[in-house]
Amino acid sequence: MPLNRRDMLAGLGAIGLASGLPLYAFPQTNARIVVIGGGFGGTSAARTLKRLLPNASIALIEPKATYVTCPFSNVEIGKLGSLTPISFSYTALEAEGIKVHQAEATSVDPIRQTVQITGGETLAYDRLILSPGIDFRANAIDGYDLQDAPNRMPHAWKAGDQTRLLMRQLREMEDGGLFVMSVPPAPYRCPPGPYERASLIAHYFKTQKPRSKVLILDGKDQFSKMPLFQEAWKEHYPDHLEWRSATDDGRVSKVDIQNLTLSTDFEDIQADVANVIPPQKAGTIAERASVTDSTGWCPIDALSFASTLQPNIHVIGDATIAAPMPKSAFSANLQGKICAHAIARILAGKEPIATTLANTCYSFTTPDEAVSIVGVYSNSDSRLSSIPGAGGLSPLAADKSIRYAEARQAKIWYDAITTEAFG
Ligand code: FAD
């Protein structure tokens, strides 16, 4: 019998938070495991490995002392809030015996099995996990150079200083201004994220700067949770938000960062605040480790998240080619746990086992209302595929109590996943 959306949501606690895999004892090993990237994927993998293999040496490499989460950053942008509630340190991981190197991995030698980090140290590994997230494609939009352009037209697609800059620009914008967002074609980090951000900024305008407007210029014609967002926009923001699809001349091909102009095929649009989310690829270190293919992303064996290009290297999170799983914190966290279990089995001389994976992405349409999409996947045959009939979208034309309940669930999910990742 196919699972319905409610069955799946009921099961997600078990699947999402415990990964659905048994926590049996593994033969102990003093293997050296290095994890690059202290985001949702890397921390989840490192903490799971430390629990499964307490004698193994687990090193996490991350340049930032504080990690600011992208999830809930749109909520803070929409209320011009603070990043403190969405900032996390690595002290809990260190207390658990994970060696945290506050450094950047500058190169990987897959033959010698070593990682070079800033400061000059070289770390040897038996298994390497890469979870470097995303980087942006240079010259994908004419005029949007990756050095200067983000200072004028922030992407805010890596949370932290960029998020603060976007909030400052919105705060300083006069009423009557135009906020323009450029959305890239897929694949990119957090498929519904741009539309959540646009909704919450439209809410800010409606309540604080009512003559202002949001214009979304999109590189595609369809997007995640589209009917739900469009329903919410019609209800809440008919005068404050406009979406333009790729076929309706929405694709931005050029920007002028001095004059804050975005150009489509037929029009130059003058913005007061411009949020350009550029096309993306796997974090640069993945390329340097030779685990990316011609797409710029990392092919993996979905049973263990082992790279199909280099031995003894695993890749998880946004950097992977894991479609139909989206590039989300939920996915990265679960992939980190599955990868950790697979490595523990491999080190014990066993084959990784197939399991069921899931993802839920909540999106706020107002500060109090949210909608969600659930996907359920299998990784048998070493590839990810959707389980037909499982998962789905929040209902359309729903009673408001459902939207309020989903907003509360989103907060509970956020507290759970950040506790799992950062302790
Ligand atoms: P990241 O979390 O980005 O972690 C990568 C880490 O690697 C970074 O800390 C980086 O500093 C580090 N790193 C990179 N290169 C190196 C190197 N060379 N050496 C050492 N360290 C390195 N997902 C959801 O599930 N739900 C949501 O509601 C949600 N909302 C979002 C809202 C927005 C606005 C955005 C932009 C994203 C959102 N996401 C959401 C997506 C989510 O943030 C990402 O999918 C998730 O962070 C991916 O985890 P990751 O481990 O792959 O990468």
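Details of the structure are given in the entry above.
Parameters and conventions
Note that residues are indexed from 1 along each chain, following the sequence as it is written. This being a predicted model, a pLDDT of at least 70 is required before a residue's local features are given, and a value of 80 or more before pairs of side-chain atoms are given or counted; all residues contribute to the totals for chains, interfaces and linings. Excluding hydrogens and water, the side-chain values take into account all heavy atoms of the structure. Here an angle of 0 to 180 degrees is reported between the N-to-C directions of two axes, which are lines fitted to C-alpha atoms, with helices fitted over the stretch in contact. Here a helix means four or more residues in a row that DSSP labels H or I, a strand means two or more in a row labelled E, and each is numbered from the N terminus. By the definition adopted for this analysis, an angle is roughly parallel if under 35 degrees, roughly antiparallel if over 145, roughly perpendicular if from 65 to 115, and oblique otherwise. Two helices cross in a left-handed way if the nearer one is turned anticlockwise from the farther one by less than a right angle. They cross in a right-handed way if the turn is clockwise. Note on definitions: a residue-residue contact is assigned when non-hydrogen atoms from the two residues lie within 4.5 Å. Residue classes follow a fixed rule: Ala, Val, Leu, Ile, Met, Phe, Trp, Tyr, Cys and Pro count as nonpolar, while Asp, Glu, Lys and Arg count as charged, and any other residue, Gly among them, counts as polar. Definition used in this section: a nonpolar core is a set of buried Ala, Val, Leu, Ile, Met, Phe, Trp, Tyr and Cys residues joined via side-chain atoms within 4.5 Å. The buried label goes to any residue with under 20% of its type's maximum accessible area, the exposed label to any with over 50%, and the partly exposed label to all in between, with areas taken from a 1.4 Å probe on protein chains only. The span you would expect from a helix comes to 1.5 Å times its residue count less one. Whether a residue is near a molecule or strand depends on its heavy atoms: it is near if one of them lies within 4 Å of it. Polar contact is the term for a pair of N or O atoms within 3.5 Å; when the atoms are in protein, one must be able to donate a hydrogen and the other to accept it, and sequence-neighboring residues count only if both atoms are side-chain atoms. For the accessible areas, the method is Shrake-Rupley and the probe is 1.4 Å, while residue cover comes only from the protein chains on display. For two strands to be treated as a pair, DSSP must find no fewer than two bridges joining them. Residues are called lining when one of their atoms sits within 4 Å of a cavity or pocket point, these points coming from a 1 Å grid over the protein atoms alone, where a cavity is a set in which a 1.4 Å probe fits but cannot get out and a pocket is an open set with protein on both sides within 12 Å along at least five of seven lines. Grid points are joined across faces, edges and corners, and a volume is the space filled by probe spheres set on the points.

## A look at the packing of helix H6 (residues 161-172) against helix H7 (residues 193-208)
Right, on to step 1. Where H6 contacts H7, the two axes come as close as 12 Å, and the packing angle between them is 30°. Here H7 runs roughly parallel to H6, going by the angle between their axes. Classified by chirality, the crossing of H7 by H6 is right-handed. For the pair formed by H6 and H7, the contact residues are Leu166, Leu170 and Arg171 on the first element and Arg197, Ile201, Tyr204 and Phe205 on the second.
Right, on to step 2. Its residues assigned to classes, the contact of H6 with H7 shows 5 nonpolar, no polar and 2 charged.

## Here we look at the nonpolar core
Right, on to step 1. Val115 and Leu170 are the most contacted members of the largest nonpolar core, which totals 108 residues.
Right, on to step 2. With 9 residues, helix H10 (residues 329-347) is the single largest residue contributor to this core.
Right, on to step 3. In this structure, Val180, Ile257, Ala271 and Val276 belong to the second largest nonpolar core, which totals 16 residues.

## Some words on helix H2 (residues 40-52)
Right, on to step 1. Relative to the 18 Å expected for 13 residues at 1.5 Å per residue, H2 spans 18 Å between its end C-alpha atoms, a close match to the ideal helical length.
Right, on to step 2. The buried fraction of H2 is high, at 12 of 13 residues.
Right, on to step 3. Taken residue by residue, H2 has Phe40, Gly41, Gly42, Thr43, Ser44, Ala45, Ala46, Arg47, Thr48, Leu49, Lys50 and Leu52 as its buried positions.

## Details of the site of the ligand
Right, on to step 1. Taken together, 35 residues surround the ligand, and among them Glu62, Tyr67, Ala105, Arg189 and Asp318 come closest.
Right, on to step 2. Measuring from an oxygen atom of the ligand, one finds a backbone N or O atom of Gly41 at 2.9 Å.
Right, on to step 3. Contact with the protein chains removes 93% of the 1000 Å² of surface that the ligand exposes when unbound.
Right, on to step 4. Of all the elements in the fold, those that place two or more residues in the shell around the ligand are H2, helix H3 (73-78) and H10.
Right, on to step 5. Looking at the shell around the ligand, the element that brings in the most residues is H10, giving 3 residues.
Right, on to step 6. Residue classes in the shell around the ligand are distributed as 18 nonpolar, 10 polar and 7 charged.

## Examining the sheet that holds strand S13 (residues 241-244)
Right, on to step 1. Pairing is parallel across the open sheet formed by 4 strands, whose spatial order is S13-S12-S11-S17. Here the strands that pair on one side only, and so sit at the sheet edges, are S13 and strand S17 (273-276). Each strand of the sheet is rotated relative to its neighbour by a mean of 15°, with strand direction disregarded.
Right, on to step 2. Two strands pair when backbone bridges link them, and strand S11 (residues 178-183) and S17 are joined in this way by 4 bridges, in the parallel orientation. Across the sheet, residue Phe179 finds its bridge partner in S17, namely Val273.
Right, on to step 3. Relative to strand S12 (residues 213-218), H7 is tilted by about 165°, and along the sheet it contacts S11, S12, S13 and S17.

## Points about the layout of surface pockets
Right, on to step 1. By volume, the second largest pocket is sized at about 430 Å³.
Right, on to step 2. Lining the second largest pocket are 23 residues, and of these Pro191, Pro324, Met325, Pro326 and Lys327 sit closest to its centre.
Right, on to step 3. At the level of elements, strand S22 (320-321), strand S23 (356-366) and strand S24 (369-378) are the ones that each hand at least two residues to the lining of the second largest pocket.
Right, on to step 4. The element contributing the most residues to the lining of the second largest pocket is S24, with 4 residues.
Right, on to step 5. For the lining of the second largest pocket, the class distribution of residues is 17 nonpolar, 4 polar and 2 charged.

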